[in-house]
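Architecture and fold: a report
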Amino acid sequence: MQVWTVANQKGGVGKTTSAVTLGGYAAQAGKRVLLVDLDAQGSMSCYFGLKPQSLRQSSAELMNHEGPISRELIKDIVVELPYEGLSLLPSSPSLITLERTSQNKRGFGLILGQVLSLLEEDFDLVLIDCPPALGVLMINALVASTRLIIPVQAEFLSLQGFARMQQTVDMVQHSLDTVIDRVVVPTMVDRRTQACQQTVRSLRNEFPVDLWPGHIPIDTKLRDASRLGVPANLYQPAAKGVQAYGALFRYLEQRISSQRSVSSEDELYASADNATKAYWAEAV
Ligand SMILES: Nc1ncnc2c1ncn2[C@@H]1O[C@H](COP(=O)(O)OP(=O)(O)O)[C@@H](O)[C@H]1O
Ligand SMILES: [Mg+2]
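Here's a quick rundown of the structure. The structure presented is a predicted model; accordingly, all values stated were derived computationally and were not measured.

Criteria and cut-off values
Residues numbered from 1 in each chain as written. Chains lettered and ligands numbered in written order. Predicted model: local features only at pLDDT ≥ 70, side-chain atom pairs only at ≥ 80, totals over all residues. Heavy atoms only, no water. Helix = DSSP H or I, 4+ residues; strand = E, 2+ residues; numbered from the N terminus. Expected span 1.5 Å × (residues − 1). Buried < 20%, exposed > 50% of the residue type's maximum accessible area, 1.4 Å probe, protein only. Contact = heavy atoms within 4.5 Å. Pairing = 2+ DSSP bridges. Salt bridge = Lys/Arg side-chain N within 4 Å of Asp/Glu carboxyl O.

1. Some points on helix α12 (residues 240-254)
Given a rise of 1.5 Å per residue, 15 residues ought to cover 21 Å, and the 21 Å separating the end C-alpha atoms of α12 matches this to within 8%. When we look at burial in α12, the residues that qualify are Gly241, Val242, Ala244, Tyr245, Gly246, Leu248, Phe249 and Leu252. Those residues of α12 hidden inside the fold are in contact with β1 (2-6), α1 (15-28), β6 (147-153), β7 (181-187), α10 (220-228) and α11 (232-235).

2. Considerations on the pairing of strand β2 (residues 33-37)
The buried count for β2 comes to 5 of 5 residues, which makes it a mostly enclosed element. Burial along β2 is two-sided: the face carrying Val33, Leu35 and Asp37 and the face carrying Leu34 and Val36 are both buried. Pairing of β2 with strand β4 (residues 86-89), which is carried by 4 bridges, proceeds in the parallel orientation. Looking at β4, one finds that Val36 is bridged to Leu89. Relative to strand β5 (residues 125-129), β2 runs parallel, the two being bridged by 5 bridges.

3. Quick look at the pattern of salt bridges
The tally for this structure, following the rule as stated, stands at 10 salt bridges. One salt bridge connects Asp122 with Lys75, and the closest N-O pair in it is separated by 3.0 Å. Of the two residues, Asp122 sits in the loop between α6 (111-117) and β5 while Lys75 sits in helix α4 (residues 71-77), which places them 47 residues apart along the sequence. The exposure class assigned to Asp122 is buried, which follows from its relative accessible area of 13%. Across the pair Arg255 and Asp210 runs a salt bridge, and its minimum N-O distance is 4.0 Å. Of the two residues, Arg255 sits in the loop between α12 and α13 (267-283) while Asp210 sits in the loop between α9 (194-206) and α10, which places them 45 residues apart along the sequence. Look at the salt bridges and you will find they share partners, linking Arg147, Asp181, Arg182, Asp210 and Arg255 into a network.

Below, the structure written as structure tokens:
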């Protein structure tokens, strides 16, 4: 099972769209895909017509569960979507509270990884949609992941705050003594604008290895797909923006990613807790 996290601490850069559309392509390719909504706003859950505020159970209850978590409990919360191969672990607004209250809980950063490791046999690919914040939820996602996909809106100043996110990634990598494969994806590209060209150029300078050589253009079909609650590849496969996600999916499949599992006894991570707590508190 591979786990890919889609994250950027900025909102509105195409995280949810990327996670859903890549998931749609993976399911179409025959993979069993679990979409994980870690954003308290629940835009991924809303995408598929679920109402996070009225869900009985969500990713929040799972992560806050007292005692051992069973595979049955997780499967009870996971929703099968009406598209072959696609399931969803929905979110709820209580993720906000979790983000605030669990910062100092020892080992909390490992919970999502432990939950997902119980689903090893059930899914081929997990795609995690992160909230736009550098907090414990993002840490949980990173710890559980083999790959980080960073959508960057190709507009002026969109690189602000990037260094701090990088620090978080470095911290997790260091704590777990691993390398998370990182792929930067320019989104909402309008090639006619100078600011856009400039951003793509500076991304190329800054991330020569991690930058996906393609880009996702602005395409209203992606927005329409989200309004209708259909993965864009099933709704308008020929649209330019949708095809660009297809190309990104094929690129990601071919790119070799590091494989790793999370253990509950991860002393390395625990020892990094103190050094990073202050940083989280400030960053959240
Ligand atoms: N390439 C694109 N072209 C046009 N609109 C897009 C594109 N990608 C995303 N959108 C729209 O932009 C808005 C923000 O995208 P979203 O994926 O929700 O961002 P995030 O999850 O980072 O907040 C949504 O309304 C979405 O439908
Ligand atoms: Mg989102």
